[in-house]
Every structure is written in C-alpha cells, then in structure tokens.
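# Structure at a glance
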Amino acid sequence: NLLVVPNWEGQNDLRDHDSFVAWVHELQGSGDEVLQHGYTHRAAKRKGHYKSPVEWFMGEIFSKGTAEIQNLSYDEARQRIEIGQEILTEVGLNDISGFVSPAWLVNPEAERAMKDQGFSYHIYTSFWDLCNGYRVPVKDLQTGEESRTSEAFFDSKADPITQILTRLFAKMAVRKSSEVARIVIHPEDIYKSKPFDFALDLIEHVREGRELCTYRELFVSV
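Read on for an overview of the structure. (Residues numbered from 1 in each chain as written. Predicted model: local features only at pLDDT ≥ 70, side-chain atom pairs only at ≥ 80, totals over all residues. Heavy atoms only, no water.)

### Looking at the overall build of the protein chain
- Each helix and strand counted, the protein chain has nine helices and nine strands in total.
- In the protein chain, which comprises 222 residues, the share counted as buried stands at 44%. (Helix = DSSP H or I, 4+ residues; strand = E, 2+ residues; numbered from the N terminus. Buried < 20%, exposed > 50% of the residue type's maximum accessible area, 1.4 Å probe, protein only.)

Set out below in structure tokens:
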C-alpha cells in the first residue's frame, strides 16, 4: 500500500515531480494500491482550535503538527481533499478508493467530506485506540462498519530512548495472535537504516501464517 501526499508540505506538487510519479505508476502497475494521504500533510488549524486536552495532545504531541484535517470543517476538509484528488488525477494516479487521514486524525465533518468525495474507506485513529494496543480502525464509509487491525510504526526523528520504546510497543502491537498486522514505513525510516532493519525483522517475526495484501483486498469488495 502506497500512501501518496499530493503536495507534500504545500511545496512539492506531484505535477512537478515526473520521476517520482513514474515510480509510483510502476509500483501501482505491479499490484500495489495507491491511497490518498491528505493534501499537504501539514495541519491547517492548530492552537486555538482544539476542543479538549486529549485532542491537543494528539495534534501537538502525537502528530507534531502533521494532522492536516483534524480540526477542519466539512467545507475546508472537502476543499483540500478535492484539490488533492485533482492533482492525483492529473498525474494519472486513478482508481483510488482509500483515504488515509494524515497522522490518522479526523473529525466527523472531515469524514463526511471523504465520503462525499467518493472514497470507499478511510483509516484513522484516536487516543483510546492507541491506548488499546495500537488497534487502528479501517472504516467502510458506505456501510459504517469498522475493522481494527494491529499497527506498528516508528519515529525515526525521536531520541534513542523514545525509539527503543516505540519498537517495544511495535512488537506488542503486531503480536502473533492478531489476525491482521500492519507495519508502517516512512521514507525517513529507510534513509536511517536501523528503523528499516527493525521493520524488516518485525515482518519476518509475524509473517508465518499470513499473506501480504492491499487494503482493498482486505476490506473492500470491488
């Protein structure tokens, strides 16, 4: 599964990066699924727009300002999602049925905007989902049904102690008893070899009795 940001940080419009787009096309053609991952991946609204301490914690501490649509209204969210869709369409990345909220944070209005823009499912989380062993929901936007899967992700920019704790939680999250395990790899995880090596070891640890598949194959009947 490839999570593609149409205009990373508002300064990297895919229409200006032909070689990257060609690479994504190559992977999509070989069977990988492309999902839209916000528009810029940077929070459009932050301080002053949080409704609770938990929401502030998730937006400022957990996501470090990357929760793009966490605090947006329906119209604001739909506009950003639509602009992102247009960019993906212009570069030929079509047949995208899934939306992944940046930092997995979303509100009901933004979720409604995703549905109205034609997405079949989306991936998000909450403070309580993370406390429950990183059981991250995938929601069918047409039926409202949810499937929770174990999630492992890494913070390559964190200090050494935080990285050790993150890897410990990752191993706990994708325990073998979980039916579905998802392992998130960001570009910086690959550039910094230790997180990537750990991710590969983790995949090896949980691969017995499992098979690789896309989100669409797992959750959506097409």
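### Here's the deal with the side chain of D189
- Of note, D189 is situated in helix 7 (residues 187–191).
- Here H186 takes part through its backbone nitrogen, which lies 2.8 Å from a polar atom of the side chain of D189. (Polar contact = N/O pair within 3.5 Å; in protein donor to acceptor, adjacent residues only side chain to side chain.)

### Examining the pairing of strand 8 (residues 146–152)
- Here strand 7 (residues 135–140) runs beside strand 8; their pairing, made up of five bridges, is antiparallel. Bridge pairing in strand 8 links V138 to S147.
- Here strand 7 folds back onto strand 8, and the loop between the two strands holds five residues, one of which, G144, carries a positive phi near 85°.
- Note that strand 8 and strand 9 (residues 181–183) share three bridges and pair parallel. If you follow S150 over to strand 9, its bridge partner there is A181. (Pairing = 2+ DSSP bridges.)

### Focus: the environment of I203
- Take I203: it is sitting in helix 8 (residues 193–206).
- For the pair formed by I203 and V174, sequence separation is 29 residues and the distance between their alpha carbons is 9.3 Å.

### Observations concerning the environment of W56
- As for its position among the elements, W56 is in helix 2 (residues 53–62).
- W56 sits 10 residues away from R46 along the chain, and the two C-alpha atoms are 8.4 Å apart.
- Setting aside anything within four residues of it in sequence, one finds W56 in contact with Y50 and I61. (Contact = heavy atoms within 4.5 Å.)

### Focus: the pairing of strand 7
- Inspection of the sheet shows strand 6 (residues 121–123) paired to strand 7 by three bridges, in the antiparallel sense. Note that in strand 7 the partner of Y121 across the bridge is D140.

### What to know about unusual backbone geometry
- With phi around 55°, E9 is a residue other than glycine that occupies positive phi space.
- Within the secondary structure layout, E9 lies in the loop between strand 2 (7–8) and strand 3 (12–13).
- The phi dihedral of W104 falls on the positive side, at around 65°, and the residue is not glycine.
- Residue position: W104 is located in the loop between strand 5 (98–100) and helix 4 (108–116).

### Some details on a nonpolar patch on the surface
- On the surface, a cluster of nonpolar side chains totalling about 480 Å² of accessible area is made up of I185, I190, Y191, L200 and I203.
- Listed by contribution, the elements that provide at least two residues to the nonpolar patch are helix 7 and helix 8.
- Tracing the chain through its elements places L200 in helix 8.
- On the accessibility criterion, L200 (40% relative accessible area) is partly exposed. (Patch = residues over 30% accessible without salt bridge, like charges linked within 9 Å, V, L, I, M, F, W, Y side chains within 5 Å. Areas by Shrake-Rupley, 256 points an atom, 1.4 Å probe, with all protein chains shown as cover. Salt bridge = Lys/Arg side-chain N within 4 Å of Asp/Glu carboxyl O.)

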